[in-house]
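Listed below are the residues making up each chain.
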Amino acid sequence: MAGELKKLCKLLQADDVDLRYAAARVLGELKPRDAVSIRSLGEAVSSDNSEAGICAINALGNIKSTQALQFLIPCLNAGEERRAAAAEAIEALGASALAELRKEFSSLNSNGRISAVDIVIDHDRTLAPGIILGLLAENDSVDVAAHICERLKSIFESLTQKARESLLSKLRKYLATKKVAENAIAIVAGLRLLSFLRHPKAMPIFIEHLGEDRPPAARRQALGAISAMPPPKGPDVALVTALIPLITDRTYPDLVEAALRILSKIKIPASMTDEIVKLLYNHQSAVRRLAVRALGNFNSSKAARALLACLGRTDWELSSETITALRRIKCTADLILKEIHRTKDRDRARGLVAILRGAHFRTSPASIQDVTRRFFQMLHSQHEMSEVYYSLLLNLNGEKLSQVILGRARKLRKAGKFSEAEYHLRLLAQSSPVGSGVKYELGLARLKLSSKNVAKEERLADPALPLFTELLHDPNFSLFKQLSSETNTVDAGDCYYLGYHFAEGSAIEREFAKLILKHAIRLSPDSAQSDAARKKLIAERLAPPPRTARKATTVKTAKKEKSTAEVRKTKAAKKSKSSSRKAARKRARKKR
């Protein structure tokens with residue numbers, strides 16, 4: 001038998017391809033385990049003829065000897081057919097082949113390594129992760145790393161909690177080894193595998209790999225893994241501390257975007273106020289907006305002051321978000337009040353008041369009293385900031401403010417201080433909606449300040465008349481009744497001016513004009529305004545013209561006029577009868 005085996009081994013080197021093919025098949029059937037046969041088949045696997053080489057590989061697989069591994073493993077670097085045959089032959093050797101595969105892994109090309117990984121995983125899915133991590137540490141191929149991650153993903157997802165804990169410990173040790181730390185591909189693959197576990201204890205490992213000393217690809221993978229994990233329930237100082245340097249990095253924009261996405265989902269601790277305030281001056285608008293939103297959640301005076309300093313920027317969207325953030329901070333109201341008291345810029349003060357508008361802030365009674373005192377001082381002196389303080393008070397304590405100002409305006413008007421009354425009422429007119437009482441008082445104050453020039457151009461420019469027009473068309477307000485009761489304020493000149501204007505309007509306005517012009521005559525019957533009012537009533541046909549004196553007639557003249565009329569009537573009747581007869585005779589002649 002030994003002699004026949006020697007002959008078959010010699011045939012493996014024959015020039016005739018068919019002989020080599022046949023010899024390999026026979027040896028595969030005989031399954032010799034001697035060193036000479038295995039070496040001869042091993043030398044034949046690299047035959048220039050593909051079929052003969054594959055047949056030699058299959059023969060070695062049938063023999064199932066670990067001595068054949070030294071010839072089979074290099075075949076994993078060959079073409080697709082020989083590689084597939086070699087992988088099948090190595091798998092047939094079972095666990096005895098795994099150690100050798102691991103030893104020769106670095107000598108294989110990318111395709112060979114992928115085949116080696118498949119062999120290990122297909123042999124035992126339970127033991128595979130531990131072995132694969134050893135192979136991964138020596139790998140420098142991106143394709144191989146991606147293949148390993150894809151194959152292990154399904155295994156990781158089906159692991160028990162205990163197995164996940166064990167694998168987490170292995171991956172932590174794997175990433176801590178010096179060989180892996182010097183291999184960016186191995187780090188990225190390890191982080192990706194770690195993300196498949198979805199274990200909360202993996203977070204510190206990901207955070208550790210966000211540092212500047214780590215490769216960009218590893219930082220990118222760590223960010224992706226953190227983003228895929230459920231966000232922390234509370235503030236995470238370590239995570240935020242690691243992410244903030246990333247969003248200020250100009251070198252890697254993709255890292256900035258990923259870090260911003262994570263920070264927008266987690267709660268930033270208030271203890272990091274100083275770090276977040278610095279981000280308000282970052283070159284990227286997205287980073288500034290993140291800082292504004294974070295400060296709005298801190299509810300501290302330091303955060304509010306930092307946000308107030310951001311107002312007035314050219315970035316309109318940032319200003320809008322800053323106002324929204326300020327409205328969430330409870331202590332904002334007191335800070336804004338101090339800033340309004342301090343500033344002399346009316347536009348800035350208006351912007352600060354706008355922050356308070358629509359927000360529900362708790363302001364102390366003492367603060368409201370202080371604002372009220374300042375407001376009335378400015379109102380008395382007609383200071384330009386009084387409008388700002390009026391808007392402020394409307395928001396802080398607007399329920400009683402309008403009634404107080406209206407009462408003051410009435411007293412000023414009755415005292416003849418129409419200019420001051422008009423200034424008070426003009427503030428109230430800025431509110432929405434404006435009541436009929438405010439319209440009436442404002443209209444009356446402006447009427448007293450008016451030049452009362454009846455020229456049409458002058459009347460069109462008079463601000464008092466539109467207010468009276470609105471009141472006149474208000475079914476719930478009796479304008480004439482109110483004006484006629486103002487015995488100490490409204491005089492004949494005022495009534496004539498209003499009547500002159502409304503006499504040229506609609507039916508309702510003309511009726512009012514008729515009443516008010518007559519009231520002007522009653523107030524001062526012998527004045528020039530009364531004469532002008534009478535003429536206007538007649539000209540607009542609101543009153544009949546005066547009666548003219550008739551000539552006296554005697555009874556005799558009346559009788560004479562009556563007799564003359566009767567005579568004329570009789571003559572006309574006779575003339576009519578005569579005409580009828582003549583016409584009848586004429587028709588009779590024609591018939592004959």
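These numbers come from a predicted model, not from an experiment.

Undergrad: How do you make sense of the overall build of the protein when you look at a structure like this?
TA: Scanning the protein for helices and strands turns up 34 helices and 0 strands. Taken over the C-alpha trace, the protein has a radius of gyration of 53 Å; the compact-globule value for 592 residues is 25 Å, which it surpasses by more than 25%. For the C-alpha atoms alone, the extent of the protein along its principal axes is close to 185 × 105 × 35 Å. When the 592 residues of the protein are sorted by exposure, 44% land in the buried category. Within the protein, residue pairs in contact and separated by at least 24 positions form 64% of the contacts whose partners lie at least 6 positions apart.

Undergrad: Is there a simple way to think about the environment of Ile262 in this case?
TA: You can see Ile262 is positioned in helix H17 (residues 253–263). Along the primary structure Ile262 and Val240 are separated by 22 residues, whereas in three dimensions their C-alpha atoms are 9.2 Å apart. Apart from residues no more than four positions distant in its own chain, Ile262 is found in contact with Leu223, Ile226, Ser227 and Leu243.

Undergrad: How should the side chain of Asn183 be read in this particular structure?
TA: Looking at where Asn183 falls in the secondary structure, it is placed in the loop between helix H12 (178–181) and helix H13 (184–197). Leaving out residues up to four positions away in the same chain, Asn183 has contacts with Ala137, Asn139 and Asp140.

Undergrad: Help me understand helix H6 (residues 80–93), please; the structure alone is not making it clear to me.
TA: Residues separated by three or four positions in an α-helix point in the same direction, a consequence of the helix having 3.6 residues per turn. In this model, H6 (14 residues) spans 20 Å end to end at C-alpha, consistent with the 20 Å of a helix rising 1.5 Å per residue. Looking only at H6, the buried set comprises Arg82, Arg83, Ala85, Ala86, Ala87, Ala89, Ile90 and Leu93. Elements in contact with the buried residues of H6: helix H4 (50–63), helix H5 (69–72), helix H7 (98–104) and helix H8 (110–123). Positive backbone phi, at 75 degrees, marks Gly94, one or two positions downstream of H6.

Undergrad: Whenever I open this one, the side chain of His209 confuses me. Can you help?
TA: Mapped onto the secondary structure, His209 falls in the loop between helix H14 (203–208) and helix H15 (216–228). Other than its neighbours up to four places away in sequence, His209 contacts Leu175, Ile187, Leu191, Arg214, Ala218, Arg219 and Ala222.

Undergrad: Help me understand the packing of aromatic side chains, please; the structure alone is not making it clear to me.
TA: Ring pairs (aromatic) are described by centroid distance and by the angle formed between their planes. A complete count under the given rule lists 4 aromatic pairs for this structure. When the ring centre of Phe376 is taken as reference, the NZ or CZ atom of Arg408 above it lies at 4.0 Å. Between the NZ or CZ atom of Lys536 and the centre of the ring of Tyr500, over which it lies, the distance is 3.8 Å.

Undergrad: How should the packing of helix H29 (residues 464–472) against helix H31 (residues 492–502) be read in this particular structure?
TA: Where H29 contacts H31, the axes come no closer than 12 Å and their chain directions differ by 70 degrees. Between H29 and H31, the crossing angle belongs to the class labelled roughly perpendicular. For the pair H29 and H31, the contacting residues are Leu465, Phe468, Thr469 and Leu472 in the first and Tyr497, Leu498, His501 and Phe502 in the second. Here the residues of the contact of H29 with H31 are counted per class, giving 6 nonpolar, 2 polar and no charged.

Undergrad: Would you mind showing me how to read the packing of helix H22 (residues 332–342) against helix H24 (residues 365–380) here?
TA: The relative placement of two packed helices comes down to the angle between their axes together with the axis-to-axis distance. Look at H22 against H24: their axes get within 11 Å of each other, and the N-to-C directions meet at 25 degrees. On the basis of their axis angle, the class for H22 and H24 is roughly parallel. Here H22 and H24 pass one another in a crossing that is left-handed. Contacts between H22 and H24 involve Asp334, Leu337 and His341 from the first element and Ser367, Asp370, Val371 and Arg374 from the second. Grouping the constituent residues of the contact of H22 with H24 by class yields 2 nonpolar, 2 polar and 3 charged.

Undergrad: Honestly, the nonpolar core in this entry has me stumped. Any pointers?
TA: The nonpolar side chains of a soluble globular protein tend to be buried with one another. One finds Leu243 and Phe375 to be the most contacted residues of the largest nonpolar core, which totals 152 residues. The biggest single contributor to this core is helix H25 (residues 386–414), with 9 residues. Aside from chain neighbours lying at most four places away, what touches Leu243 is Leu210, Leu223, Ala259, Ile262, Leu263 and Ile266. By size, the runner-up hydrophobic cluster in this structure holds 28 residues, among which are Cys495, Tyr496, Ala503 and Ala520.

Undergrad: Looking at this model, I keep getting lost on the confidence of the model for the protein. Mind explaining?
TA: Regions with low pLDDT carry predicted coordinates that are not meant to be interpreted in detail. In this model, the protein carries a mean pLDDT of 85, and residues with pLDDT of at least 70 account for 91%. A low-confidence stretch, residues 549–553 (pLDDT under 50), is modelled with 0 contacts involving residues beyond four sequence positions or located in other chains.

Undergrad: Explain the pattern of salt bridges here, please?
TA: Tallying each qualifying case throughout the model produces 30 salt bridges. Across the pair Asp254 and Arg220 runs a salt bridge whose closest N-O atoms are separated by 2.4 Å. In this pair, Asp254 sits in helix H17 while Arg220 sits in helix H15, placing the two residues 34 residues apart along the sequence. Asp254 sits in the partly exposed class, given a relative accessible area of 32%. Look at Arg220 and you get partly exposed, because its relative accessible area is 36%. Glu504 is the salt-bridge partner of Arg459, the closest N and O atoms lying 3.4 Å from each other. Taken together, the positions of Arg459 in helix H28 (residues 456–460) and Glu504 in the loop between H31 and helix H32 (507–523) put the pair 45 residues apart, joining distant regions of the chain. Exposure remark for Arg459: the relative accessible area of 7% places this residue in the buried category. Take Glu504: its relative accessible area is 42%, and that puts it in the partly exposed class.

Undergrad: Teacher, can you tell me more about the environment of Phe418 here?
TA: Secondary-structure assignment places Phe418 in helix H26 (residues 418–428). Between the alpha carbons of Phe418 and Thr126 there is a distance of 96 Å; along the sequence they are 292 residues apart. Filtering out sequence-adjacent residues up to four positions away, Phe418 remains in contact with Leu412, Arg413, Ala445, Lys448, Leu449 and Thr489.

Undergrad: Would you mind showing me how to read the state of the cysteines here?
TA: Here, disulfide denotes a covalent bond that connects the sulfur atoms of two cysteines. A full pass over the atoms with the stated rule returns 0 disulfides. Here Cys310 is not cross-linked by a disulfide; its sulfur's nearest cysteine counterpart is in Cys331, at 15 Å. Looking at Cys331, the relative accessible area reads 25%, which means it is partly exposed.

Undergrad: Teacher, can you tell me more about unusual backbone geometry here?
TA: Backbone phi values are negative for most residues with the exception of glycine, while trans is the configuration of most peptide bonds. In this model, Lys31 sits at a positive phi of 55 degrees, which is unusual for a non-glycine residue. As for its placement among the helices and strands, Lys31 is situated in the loop between helix H2 (17–30) and helix H3 (35–44). The phi dihedral of Arg541 falls on the positive side, at around 60 degrees, and the residue is not glycine. One can find Arg541 in the loop between helix H33 (528–539) and helix H34 (555–591). Residue Arg541 is classed as exposed on the basis of its relative accessible area of 76%.

The rules behind these values
- Residues numbered from 1 in each chain as written.
- Predicted model: local features only at pLDDT ≥ 70, side-chain atom pairs only at ≥ 80, totals over all residues.
- Heavy atoms only, no water.
- Helix = DSSP H or I, 4+ residues; strand = E, 2+ residues; numbered from the N terminus.
- Rg over C-alpha atoms; globule rule 2.2 N^0.38 Å.
- Buried < 20%, exposed > 50% of the residue type's maximum accessible area, 1.4 Å probe, protein only.
- Contact = heavy atoms within 4.5 Å.
- Expected span 1.5 Å × (residues − 1).
- Phe/Tyr/Trp six-rings, centres within 6.5 Å; stacked < 30°, edge-to-face > 60°.
- Lys NZ or Arg CZ within 6 Å of the ring centre and 35° of its normal.
- Axes fitted to C-alpha atoms, helices over the stretch in contact; angles between N-to-C directions.
- Parallel < 35°, antiparallel > 145°, perpendicular 65-115°, else oblique.
- Nonpolar A, V, L, I, M, F, W, Y, C, P; charged D, E, K, R; others polar.
- Left-handed = near helix turned anticlockwise from the far one by under 90°.
- Core = buried A, V, L, I, M, F, W, Y, C linked by side-chain atoms within 4.5 Å.
- pLDDT = per-residue confidence, 0-100.
- Salt bridge = Lys/Arg side-chain N within 4 Å of Asp/Glu carboxyl O.
- Disulfide = S-S within 2.5 Å.

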